[in-house]
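One letter stands for each residue in the lines below.
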Amino acid sequence: MPDTPTILLLGHETTLHHSYSPVRLRAVVGEAAYRGVRVLLARSADCDMEAERIRAHEFIDGDWRPVDVPVPRLVVAAAPPTRPAHRVVDAWLRARTKVLAFDGYDKHQMAAMLAAYPHLKPHIIPEEVLVAERLEAQLAEWLAGGPIVVKRADGALGTGIFFLLPQGDEVAVHKDEHSWRCTRAEAIARVIGAIRVRMGYRTYLVQRFIDTHDLAGQPATVRADMVRRPDDGWDFFRLTGRVSLGSKLISNRAKGSALIDAESYFIARGAADPEGKVREAKALSREIASTLCKQPGLGDCYEFGIDLAVDQDLHFWFLEANKRPLANGAEIERMMPAMTYWLSQLDD
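Note that the structure is a prediction, hence the values are computed from the model and not measured.

About the criteria used
- Residues numbered from 1 in each chain as written.
- Predicted model: local features only at pLDDT ≥ 70, side-chain atom pairs only at ≥ 80, totals over all residues.
- Heavy atoms only, no water.
- Helix = DSSP H or I, 4+ residues; strand = E, 2+ residues; numbered from the N terminus.
- Rg over C-alpha atoms; globule rule 2.2 N^0.38 Å.
- Buried < 20%, exposed > 50% of the residue type's maximum accessible area, 1.4 Å probe, protein only.
- Contact = heavy atoms within 4.5 Å.
- Lys, Arg positive; Asp, Glu negative; His and termini not counted.
- Charge placed at Lys NZ, Arg CZ, Asp CG, Glu CD.
- Pairing = 2+ DSSP bridges.
- Axes fitted to C-alpha atoms, helices over the stretch in contact; angles between N-to-C directions.
- Expected span 1.5 Å × (residues − 1).
- Arc of directions from axis to C-beta.
- Polar contact = N/O pair within 3.5 Å; in protein donor to acceptor, adjacent residues only side chain to side chain.
- Salt bridge = Lys/Arg side-chain N within 4 Å of Asp/Glu carboxyl O.
- Core = buried A, V, L, I, M, F, W, Y, C linked by side-chain atoms within 4.5 Å.
- Phe/Tyr/Trp six-rings, centres within 6.5 Å; stacked < 30°, edge-to-face > 60°.
- Lys NZ or Arg CZ within 6 Å of the ring centre and 35° of its normal.

Colleague: Could you clarify how one ought to interpret the overall build of the chain in this entry?
Modeller: The helix and strand tally for the chain stands at 9 helices and 18 strands. The C-alpha atoms of the chain give 22 Å as radius of gyration, which agrees with the globular expectation for 348 residues (20 Å, within 12%). The C-alpha extent of the chain, read off along each of the three principal axes, is 70 × 45 × 40 Å. Put simply, the chain has 348 residues, and 50% of those count as buried. Within the chain, residue pairs in contact and separated by at least 24 positions form 62% of the contacts whose partners lie at least 6 positions apart. If the 44 positive side-chain charges of the chain are averaged to one point and the 47 negative ones to another, these points end up 2 Å apart.

Right, dumping it as structure tokens:
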């Protein structure tokens, strides 16, 4: 099929038909068939650099079948290279074809990038990287200023996050499904006991707590799912409110939050102009995505899942930008603009 547009989706550890969800795979295969595109799946180990061939898999007659192909004109990386062998393959591919891939900046690095722009700084939550040698003093100083959050900089699907909320002489501590009431010293000691060893190989942040409770007392945020256009603008395939279930202080989809459409979300939050808040959320998300894509290593990003906290004054705060977002419930809506962007890269 020499005249058929061909796109290789590259995993590093596993071939994507083993790691992608069935819904995402169906969306990819269906959109490819509709557009007349040949989509191949492979992993780093399938790249034969000596022969300059790739042992890929293609969906043929209802099943993923092995095919041997030359390096295609476009490779879309599903994850950043983490091992030396992956980086060797990444460099080999980049020397031969167009590769859509991007580095793994963490939450703190992204927030610092955005804070450098005066018009975005008012939306950046105050935070600081925790340092092992000053850990107790840092936590005490931040806690003296009000409620705080302690979390990993690289994300963990909403798990392992500490919320420390002063209440009179005590502090309410929340982590995952657990809660405690204790003194400030005990609260700090509990956090230190949980993260000190992990700080040897992982970055932790202390961050000012943003109260996102809605009128029903449930924490909630806004999620903007967006895909880059060929003209480098951004289109939204979904803008939703994420409402926490029960007493959870996070509204992470992986932890079971409920999704509602954005306008209904702002109506429920008591916004005087719900449609205006939707426009504001979209404008801010576009500005964040466009700004991040100007940074080294992020120029190839073609989709973002941007999370915004909404405080009691309905002010937006940047939480994070997921570079490879899940699109549960909207895989087809996601795949249509994503395929359009991929195909535009074949014309460069």
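Once the structure has been displayed, the description carries forward.
Colleague: What is the right way to look at the sheet that holds strand S14 (residues 220-228) in this model?
Modeller: Through backbone hydrogen bonds, the strands of a sheet pair up, either in parallel or in antiparallel fashion. An order of S16-S15-S14-S17-S18 is seen for the 5 strands of this open sheet, with the pairing classed as antiparallel. Bordering the open sheet on either side are strand S16 (258-261) and strand S18 (316-322), each of which pairs with just one other strand. When the angles between neighbouring strand axes are averaged without regard to direction, this sheet yields 30°. Both S14 and strand S15 (residues 234-243) contribute to a ladder of 9 bridges, which runs antiparallel. Across the sheet, Asp 225 pairs through a bridge with Arg 238, a residue of S15.

Colleague: Explanation requested: helix H8 (residues 274-292) in the structure shown.
Modeller: Residues spaced three or four apart along an α-helix point in a common direction, a consequence of the helix completing one turn every 3.6 residues. Under the 1.5 Å per step criterion, the end-to-end length of H8 is 27 Å for 19 residues, consistent within 8% with the ideal 27 Å. Next to the buried residues of H8 lie helix H4 (107-115), S14, S15, helix H7 (262-268), strand S17 (303-310) and S18.

Colleague: Sorry, what's going on with helix H5 (residues 135-144) here?
Modeller: Among the residues of H5, those classed as buried are Leu 135, Gln 138, Leu 139, Trp 142 and Leu 143. Looking down the long axis of H5, one finds its buried residues gathered within 125° of arc, a one-sided arrangement. Across from the buried face of H5, at angles greater than 90 degrees, the exposed residues are Glu 136, Ala 137, Glu 141 and Ala 144. If you follow the buried residues of H5, they end up packed against strand S8 (127-129), strand S9 (148-152), strand S10 (162-167), strand S11 (170-175), helix H6 (184-195) and strand S13 (204-208). Once H5 ends, the next one or two residues include Gly 146, with phi positive near 130°.

Colleague: Just checking my understanding: could you explain the side chain of Asp 225 for this structure?
Modeller: Structurally, Asp 225 can be placed in strand S14. Looking at Asp 225, the relative accessible area reads 0%, which means it is buried. There is a polar contact of 3.1 Å between the side chain of Asp 225 and the side chain of Arg 223. Excluding residues within four positions of it along the chain, Asp 225 makes contact with Asp 235, Phe 236, Phe 237, Arg 238, Phe 304, Gly 305, Pro 325 and Leu 326.

Colleague: Can you walk me through the environment of His 119 in this structure?
Modeller: Its location among the elements puts His 119 in the loop between H4 and S8. Relative accessible area serves as the criterion here: at 45%, His 119 is assigned to the partly exposed category. When the C-alpha positions of His 119 and Lys 294 are compared, they lie 16 Å apart, and in sequence the two are 175 residues distant. A distance of 3.0 Å separates the side chain of His 119 from the side chain of Glu 287, its partner in a polar contact.

Colleague: What should I look at first to understand the pattern of salt bridges in this one?
Modeller: Counting across every chain of the model gives 26 salt bridges. Ionic pairing is found between Arg 83 and Glu 13, a salt bridge with its closest N-O pair at 2.3 Å. Separated by 70 residues along the polypeptide, Arg 83 in the loop between strand S6 (74-77) and helix H3 (84-94) and Glu 13 in the loop between strand S1 (6-11) and helix H1 (16-19) bring together distant segments of the chain. Judged by its relative accessible area of 47%, Arg 83 falls in the partly exposed class. For Asp 225, the salt bridge goes to Arg 238, with nearest N and O atoms at 3.2 Å. On the criterion of sequence distance, the pair formed by Asp 225 in strand S14 and Arg 238 in strand S15 is long-range, its members being 13 residues apart. Per residue, the accessibility class of Asp 225 equals that of Arg 238, and both read buried. One salt-bridge network, held together by shared partners, links Arg 223, Asp 225, Arg 238, Arg 242 and Asp 307.

Colleague: In this structure, what is going on with the nonpolar core? I would like to understand it.
Modeller: Across soluble globular proteins, you tend to see nonpolar side chains buried next to one another. Ile 7, Phe 304, Ile 306 and Trp 342 are the most contacted members of the largest nonpolar core, which has 62 residues in total. For this core, the leading source of residues is helix H9 (residues 331-346), giving 7 residues. Setting aside its immediate chain neighbours within four residues, Ile 7 contacts Val 37, Arg 38, Val 39, Leu 40, Leu 74, Val 76, Met 339, Trp 342, Leu 343 and Leu 346.

Colleague: Help me out: how do you make sense of the sheet that holds S8 in this one?
Modeller: The sheet built from 6 strands is open, its strands ordered S8-S13-S9-S10-S11-S12 with antiparallel pairing. The sheet is open, and its two borders are formed by S8 and strand S12 (178-182), each paired with just one other strand. The mean inter-strand angle of the sheet, taken between neighbouring strand axes irrespective of direction, is 20°. On the sheet, H4 packs against S8, S9 and S13 and is oriented at approximately 130° with respect to S8.

Colleague: Quick question: what am I supposed to make of the packing of aromatic side chains here?
Modeller: Geometrically, a pair of aromatic rings is defined through the distance of the ring centres and the angle of the planes. As enumerated under the stated definition, the model contains 7 aromatic pairs in all. Seen from their ring centres, Phe 163 and Phe 209 are 6.1 Å apart, and the 90° between their planes marks the pair as edge-to-face. On the criterion of sequence distance, the pair formed by Phe 163 in strand S10 and Phe 209 in the loop between S13 and S14 is long-range, its members being 46 residues apart. A relative accessible area of 16% means that Phe 209 is categorised as buried. When the ring of Tyr 302 is compared with that of Trp 342, the centres are 5.9 Å apart and the planes differ by 80°; the resulting orientation is edge-to-face. Residue Tyr 302 is found in the loop between H8 and S17, and its partner Trp 342 is found in helix H9; the two are separated by 40 residues along the sequence. Across the pair, exposure class does not vary: Tyr 302 and Trp 342 are buried alike. Feature note: the residues Tyr 265, Phe 266 and Phe 316 constitute an aromatic cluster, connected by ring pairs. In this structure, Arg 24 packs its charged tip against the face of Tyr 20, placed 5.6 Å from the ring centre. For the cation-ring pair, Arg 190 lies above Trp 180, with the distance from its terminal atom to the ring centre recorded as 4.1 Å.

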